[in-house]
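Residues per chain, in single letters:
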Amino acid sequence: MARPFFPNPEWADDFGLVAIGGDLQPARLVQAYRSGIFPWFDEGDPILWWSPNPRAIIELGGLHVSRRLRRTIDSGRFKVTINQNFVGVMRGCAYRPKEGTWITAAMLDAYESLHRLGHAHSVEVRQGDDLAGGLYGVAVGGLFAGESMFTQVRDASKVALVHLVERLRERGFQLFDIQFLTDHTKRLGAIEIPREEYLRRLRRALDCPASFGEPAA
């Protein structure tokens, strides 16, 4: 198999589109994240690869945690686990019957493979025996690229996010990418930076010996 290849992300069009086509094999996906590029496409479309400008991130010291949310976390109402139900979290993120989803069957298969190889990770939030919410993303060097999160119970996804940021800080990560800014993530402290700055910070992050943790057996 030929070495996966992507154009320079600086060549993206005005919408951030870098390339069309290819596949979702693990080597290609890892190289995409190392290049500042990620896949995002609807069912029935070709694979689309993006590097938006500006790029949304959450500074690891800049997450806004309200007093109410901190009380919820400290209450013990939720139990948080890591890499215990990656597929369940991805399926939870994909289940959006009113909106549709970009997490296609092909994406589920591809990121489950990445998880088995130790690149994709999940944070699960449980209430009793039920999965109340969670998030997943991809770790490469000192980069963590957040892909999606979901909630079935109020605050569950926020609890997952707080635990994720704490883990990233503890384990030496340098850059937490969330791709696009939304009103929800902006309230939690997310910001936008120019693509050029993102790529510069990405290069530094890739040299960091951070480790998220092993996937569940």
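Above this text sits the structure in question.
Everything in this summary refers to the structure shown in the same document. Starting from 1, residues in each chain are numbered consecutively following that chain's sequence as written. For this predicted model, a pLDDT threshold of at least 70 governs which residues receive local features, and a threshold of 80 or more governs which side-chain atom pairs are given and counted, while totals over whole chains, interfaces and linings are taken from all residues. In computing side-chain properties, one takes all heavy atoms of the structure into account and sets aside hydrogens as well as water.

Two strands are said to pair when DSSP picks up at least two bridges between them. Strands are runs of DSSP state E lasting at least 2 residues, helices are runs of H or I lasting at least 4, and numbering of each runs from the N terminus. Across the sheet, 3 strands lie side by side as E1-E3-E2; this open sheet has antiparallel pairing. Every interior strand has two partners, whereas the edge strands, strand E1 (17-20) and strand E2 (38-39), have only one. Where E2 meets strand E3 (residues 48-50), 2 bridges bridge the pair, whose relative direction is antiparallel. Bridge pairing in E3 places Pro39 opposite Trp49.

Aromatic pairs are defined between Phe, Tyr and Trp rings, using the six-membered ring for Trp, whenever the two ring centres lie within 6.5 Å; interplanar angles under 30 degrees are classed as stacked, those over 60 as edge-to-face, and all others as tilted. Summed over all chains, the structure comprises 9 aromatic pairs. Ring centres of Phe38 and Phe180 lie 5.7 Å apart, and the angle between their planes is 85°; this geometry places the pair in the edge-to-face category. One end of the pair, Phe38, is in strand E2; the other, Phe180, is in the loop between strand E9 (175-179) and helix H6 (183-187), and 142 residues separate them in sequence. Aromatic side chains Phe144 and Phe176 sit 6.0 Å apart centroid to centroid with 65° between the ring planes, which places their arrangement in the edge-to-face category. Here the residue Phe144 occupies a position in strand E8 (residues 143-151), and Phe176 occupies one in strand E9, the gap between them amounting to 32 residues. Comparing Phe144 with Phe176, the two get one shared label, buried. In this scheme, the term charge over a ring applies when either NZ of a lysine or CZ of an arginine sits within 6 Å of the ring centre and within 35 degrees of the ring normal. Positioned above the aromatic ring of Phe212, the side-chain terminus of Arg167 is 4.9 Å from the ring centre. Residue exposure (1.4 Å probe, protein chains only): buried if accessible area is under 20% of the type maximum, exposed if over 50%, otherwise partly exposed.

Most peptide bonds adopt trans geometry, and most residues besides glycine take a negative phi value. Along the chain, Asn53 connects to Pro54 via a cis peptide bond; the corresponding omega equals 5°. You can see Pro54 is positioned in the loop between E3 and strand E4 (55-57). In this model, Asp155 sits at a positive phi of 80°, which is unusual for a non-glycine residue. If you trace the backbone, Asp155 turns up in the loop between E8 and helix H5 (156-170).

Bringing the sheet that holds strand E7 (residues 130-140) into the picture now. An order of E5-E6-E7-E8-E9-E4-E10 is seen for the 7 strands of this open sheet, with the pairing classed as mixed. Two strands close off the open sheet at either side, each with one partner strand: strand E5 (79-82) and strand E10 (191-193). When the angles between neighbouring strand axes are averaged without regard to direction, this sheet yields 35°. With 4 bridges joining them, E5 and strand E6 (residues 120-127) adopt antiparallel strand pairing. Each bridged residue has a counterpart across the sheet, and for Ile82 the counterpart in E6 is Val123. Orientation is described by axes fitted as lines to C-alpha atoms, over the contacting stretch for helices, and by angles from 0 to 180 degrees between their N-to-C directions.

Salt bridges are defined by distance alone: a side-chain nitrogen of Lys or Arg within 4 Å of a carboxyl oxygen of Asp or Glu. Scanning the model with the defined rule gives 8 salt bridges in all. With a closest N to O distance of 2.8 Å, Glu59 and Arg201 form a salt bridge. Note that Glu59 is positioned in the loop between E4 and helix H2 (67-74) and Arg201 in helix H7 (residues 195-206), a separation of 142 residues in sequence. Its relative accessible area of 29% is what places Glu59 among the partly exposed residues. For the salt bridge of Glu166 with Arg70, the shortest nitrogen-to-oxygen distance reads 3.7 Å. Linking Glu166 in helix H5 with Arg70 in helix H2, this pair joins segments that are 96 residues apart in sequence. Residue class for Glu166 comes out partly exposed when judged on its relative accessible area of 32%. Each of Glu59, Glu197 and Arg201 takes part in a single network of salt bridges with overlapping partners.

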